[in-house]
Protein chains: 2
Amino acid sequence: MKTRNTIQKNLIKNTVLNLKNHPSAEEIYSEIIKTNPSVSKGTVYRNLGILADNGEILRIEMPNSPDRFDFRLEKHYHIQCDNCGKVFDLDVPCIEELEHIKDKEFLVTGYQLVFKGICKECKEG
Amino acid sequence: MKTRNTIQKNLIKNTVLNLKNHPSAEEIYSEIIKTNPSVSKGTVYRNLGILADNGEILRIEMPNSPDRFDFRLEKHYHIQCDNCGKVFDLDVPCIEELEHIKDKEFLVTGYQLVFKGICKECKEG
DNA sequence: CTTAATGCAAAAGCTTTGCAGCCGC
DNA sequence: GCGGCTGCAAAGCTTTTGCATTAAG
């Protein structure tokens, strides 16, 4: 099965690259239809999945809130504000210990780590 | 607002304590209606939330799969099999580094960490 | 009695999917 | 022209919620 280059796919990828926050599929969709109102939400979801599977963008699986997408591909961590729900990069070094977890029975292939807290704005507001 | 002791609430708590795997709300519900078919799913969800808020059980927020509940209250980590979806305790010490993450702007209040991998059964099967 | 909690069913929130038509190659 | 991709809408999955009724204290 050979994949094709569609304007939708490029649009979706570029939108993630340009929206440098950590947009959800819904936010990406909203941004896209500002200029291309005929693009459908299903296509956005489909292509975000494809792009993430290809390693062109990063999918951040959030606990009990919609997945976010990130243009930064290097390993780094995220924090979500319990109050406003916004997601930010956390500026801490990679935790080596996490990379070397082993188990007698399990073949460990990865992990998902998301911090929670209260962001600056919400603390002050 | 004073809370009441209902047979449903006790039933739900005991079911989590007895099902020592890491049941989802759905699994807890299925188990309960074996003996108490009139208990409703809404009540199960409601009470699991209350019990978790009270610290009587632990809610494990899973990435892209239903929340799980755990009778073990001490800090420990979980791993989910990518293949069969089952959740297990991971037998590793608490990672101290994770407990001391600080940020200039964020007030860090916690984190959610779930490992992924392939379980023994799925490796062999 | 008072009112918190339940059962039921509907709805909400996010995401996936079936299908007919469209368009990249 | 072939068949992968799209738009649309419907459905799926997990969880929450509104409301009349039940039952705990």
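Conventions and cut-offs
Residues numbered from 1 in each chain as written. Chains lettered and ligands numbered in written order. Predicted model: local features only at pLDDT ≥ 70, side-chain atom pairs only at ≥ 80, totals over all residues. Heavy atoms only, no water. Near = heavy atom within 4 Å. Polar contact = N/O pair within 3.5 Å; in protein donor to acceptor, adjacent residues only side chain to side chain. Helix = DSSP H or I, 4+ residues; strand = E, 2+ residues; numbered from the N terminus. Nonpolar A, V, L, I, M, F, W, Y, C, P; charged D, E, K, R; others polar. Phe/Tyr/Trp six-rings, centres within 6.5 Å; stacked < 30°, edge-to-face > 60°. Buried < 20%, exposed > 50% of the residue type's maximum accessible area, 1.4 Å probe, protein only. Core = buried A, V, L, I, M, F, W, Y, C linked by side-chain atoms within 4.5 Å. Contact = heavy atoms within 4.5 Å.

Caption draft 1: Spatial organisation of the protein's contact with DNA strand D. In the region of DNA strand D, 19 residues are neighbours, and A:Arg4, A:Thr6, A:Gln8, A:Thr43 and B:Tyr45 sit closest. Close to the protein, within 4 Å, the atoms of DNA strand D are drawn from sugar and phosphate at a rate of 65%. Contacts to DNA strand D include B:Asp67, whose backbone N or O atom sits 3.0 Å from a phosphate oxygen. Where the surface near DNA strand D is concerned, the elements lending two or more residues are helix H3 (41–53) of chain A together with helix H3 (41–53) of chain B. Taken together, the residues of the surface near DNA strand D break down into four nonpolar, nine polar and six charged.

Caption draft 2: Region of the structure containing the packing of aromatic side chains. Within this structure, the stated rule accounts for six aromatic pairs over all chains. With a centroid separation of 5.9 Å and 55° between ring planes, the pair formed by A:Phe115 and B:Tyr111 is classed as tilted. Of this pair, A:Phe115 sits in strand E5 (residues 107–118) while B:Tyr111 sits in strand E5 (residues 107–118), each in a different chain. Exposure remark for A:Phe115: the relative accessible area of 0% places this residue in the buried category. By relative accessible area, which is 18% here, B:Tyr111 ends up buried.

Caption draft 3: Region of the structure containing the nonpolar core. A:Leu98 and B:Leu98 are the most contacted members of the largest nonpolar core, which totals 26 residues. Contributions of two or more residues to this core are made by strand E3 (77–81) and E5 of chain A together with strand E3 (77–81) and E5 of chain B. In this structure, A:Leu98 is in contact with A:Tyr77, A:Tyr111, A:Leu113, B:Ile95, B:Leu98, B:Leu113 and B:Phe115, ignoring residues within four places of it in sequence. Residues B:Leu19, B:Ile28, B:Val39 and B:Val44 belong to the second largest nonpolar core, which totals 14 residues.

Caption draft 4: Geometry of the protein's contact with DNA strand C. With respect to spatial proximity, 19 residues lie near DNA strand C, and among them A:Arg4, A:Tyr45, B:Arg4, B:Gln8 and B:Thr43 are the closest. Sugar and phosphate atoms constitute 67% of the interface atoms of DNA strand C, taking the interface as everything within 4 Å of the protein. Within the side chain of A:Tyr45, an N or O atom sits 2.7 Å from a phosphate oxygen of DNA strand C. B:Gln8 places a side-chain nitrogen or oxygen 2.9 Å from a sugar or linking oxygen of DNA strand C. Of all the elements in the fold, those that place two or more residues in the surface near DNA strand C are H3 of chain A together with H3 of chain B. The residue makeup of the surface near DNA strand C, split by class, is four nonpolar, nine polar and six charged.

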